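Understanding the architecture of this molecule
Listed below, chain by chain, are the residues.
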Amino acid sequence: MKKVQLKTAKRLTALLFLAAGSAAIYSCGSSTANAPATAPPAQALPVLEVSDHEVTSHREFTASIQGSRDIEIRPQVDGYLDRISVDEGAYVRKGQVLFHIDARPYAEQLNNAKAILQSAKASLESASINVEKLTPLVANKVVSDVQLKTAKAAYDAAKANVAQAQAAVDAAKINVGYTSITAPADGYIGTIPFKTGSLVGKGTTDALTVLSETKDIHVYFSMSELDFLDFKQEFDGNTIEQKIKQIPAVELVLADNSVYPQKGKVQIVEGQFDKTMGAINFRATFPNGNGLLRSGNTGRIRIPHKLAKSVLIPQEATFELQDKVFVYTVLDSNKVEGRPVTVADRSGRYYLISKGLKPGEKIVYAGMDRLRDGMAIAPQKMSMDSLLHANPI
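Keep in mind the model is a prediction, meaning the values are calculated, not measured. (Residues numbered from 1 in each chain as written. Predicted model: local features only at pLDDT ≥ 70, side-chain atom pairs only at ≥ 80, totals over all residues. Heavy atoms only, no water.)

1. A closer look at the packing of aromatic side chains
Under the defined criterion, the tally for this structure stands at 10 aromatic pairs. Geometrically, the ring pair formed by Phe231 and Phe235 is tilted, given 5.6 Å between the ring centres and 55° between the ring planes. Residue Phe231 is classed as buried on the basis of its relative accessible area, which comes to 2%. Phe235 sits in the buried class, given a relative accessible area of 10%. (Phe/Tyr/Trp six-rings, centres within 6.5 Å; stacked < 30°, edge-to-face > 60°. Buried < 20%, exposed > 50% of the residue type's maximum accessible area, 1.4 Å probe, protein only.)

Dropping the structure here:
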């Protein structure tokens, strides 16, 4: 009996120790769980102080490039092409032979005209001799003056025949000359749809080729009605012609986004709007002495637009939400606040802000994806001047 009581006492003691240990463990766990959480340190993010700047933005318009003259080369006489002296895309000089038409028929016409001319000259000489012979006879009343008048009429007719024959010779020479077709200007040869042996003539539908004169190049672009109204308000002048003269030199952005090294000048504007397109056409002229530009190229005309002082911020410092542009401004407590801004224009990698920011305010430059309204940051000041130096407008 005593042994049973002793075992029972030992079990109770063990259970008490186990319960005490569990309570201690639970107590430690509860105190750890109830301890206040330590706040994470504020993020160190770059911050810019915005300021206003005098900048020049650019307005861009889609453009097509054409030679100052695109000249259709057409034959002036009928015949077979017996020689093509130039290849497609070749650069040619004024007066260079491009095509040659079989000249033999026209050479024979020239020979025939020359023979007729010689015959007419002989007839004229005979009529002249007859007049000289009859003149003293009429003066001495040996023959009647009717014969002299008849001789003079024959002389006049012979003289007219000589002139007609000479004209035929000149026309034949022109036709022979037309068999050699030369370049009317310096430029580049286009597509040649004919081959040697093709029959060509004045009635041929297709031109032999098109010669693009590219010493100066014309770039055509159009403005919408709204853009045209802005243009009229921006530049001084009482007439459109006067306003066009005030447009500064323009740039041409090529299809690969490179900028053509020489600047052009806007020269003319079409007289009226295209009703179907709701636009009006302009033309700018660029020098093209090195031949880099060709007819048929495309690009964009870039017209400089000088703005008054505007708040300037880098595009990287913005984010978009529901088609609106936002920035994170830094408040006095170093807490950030998302704010919508109005973009008036852009220049290079920068936005020009018309509403939403004032000079002297601070914005977060990078790391916006980790921010929320009211979050505190550790501002790391950046210089806008250094940013502009590294990435000019």
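Having seen it, we continue.
2. Points about the sheet that holds strand β7 (residues 180-182)
Taken in spatial order, the 4 strands line up as β7-β6-β4-β9 in an open sheet, and their pairing is antiparallel. A strand with exactly one partner marks an edge of an open sheet, and here the two such strands are β7 and β9 (199-200). Sheet topology note: the strand β4 (residues 79-84)/strand β6 (residues 97-101) ladder contains 3 bridges and is antiparallel. Bridge assignment links Leu81 to a residue of β6, and that residue is Ile101. (Pairing = 2+ DSSP bridges. Helix = DSSP H or I, 4+ residues; strand = E, 2+ residues; numbered from the N terminus.)

3. Digging into helix α3 (residues 145-178)
Over its 34 residues, α3 runs 50 Å from end to end, which matches the ideal 50 Å to within 8%, given 1.5 Å per residue. Those residues of α3 that sit buried are Leu148, Ala151, Ala158, Val162, Ala165, Val169 and Ala172. On its buried side, α3 packs onto α2 (104-139). (Expected span 1.5 Å × (residues − 1). Contact = heavy atoms within 4.5 Å.)

4. A short note on the side chain of His218
Tracing the backbone shows His218 in strand β10 (residues 209-224). When neighbours within four sequence positions are excluded, His218 is seen to be in contact with Ser64, Ile65, Gln66, Gly67, Ser68, Arg283, Ala284 and Thr285.

5. Section: the nonpolar core
Among the nonpolar cores identified, the biggest contains 23 residues, and Phe221, Phe282, Phe286 and Ile301 are the most heavily contacted of them. Put simply, the parts of the chain that give this core at least two residues each are β3 (56-73), β10, α4 (225-234), β13 (279-287) and β14 (298-306). If we skip the residues at most four places from it in the chain, Phe286 touches Asp216, Ile217, Val219, Val250, Glu251, Leu252, Tyr260, Gln262, Lys263, Gly264 and Ile301. Counting 21 residues, the second largest nonpolar core, distinct from the first, contains Leu48, Leu307, Ile313 and Ile353. (Core = buried A, V, L, I, M, F, W, Y, C linked by side-chain atoms within 4.5 Å.)

6. What about the pattern of salt bridges?
One pass over the structure, following the stated rule, counts 10 salt bridges. Here Glu251 ties to Arg302 by a salt bridge, and the two come within 3.4 Å at their closest N and O atoms. With Glu251 in strand β11 (residues 251-254) and Arg302 in strand β14, the pair connects residues that are 51 residues apart, well separated along the chain. Where salt bridges share partners, they join Glu60, Glu251, Arg300 and Arg302 into one cluster. (Salt bridge = Lys/Arg side-chain N within 4 Å of Asp/Glu carboxyl O.)

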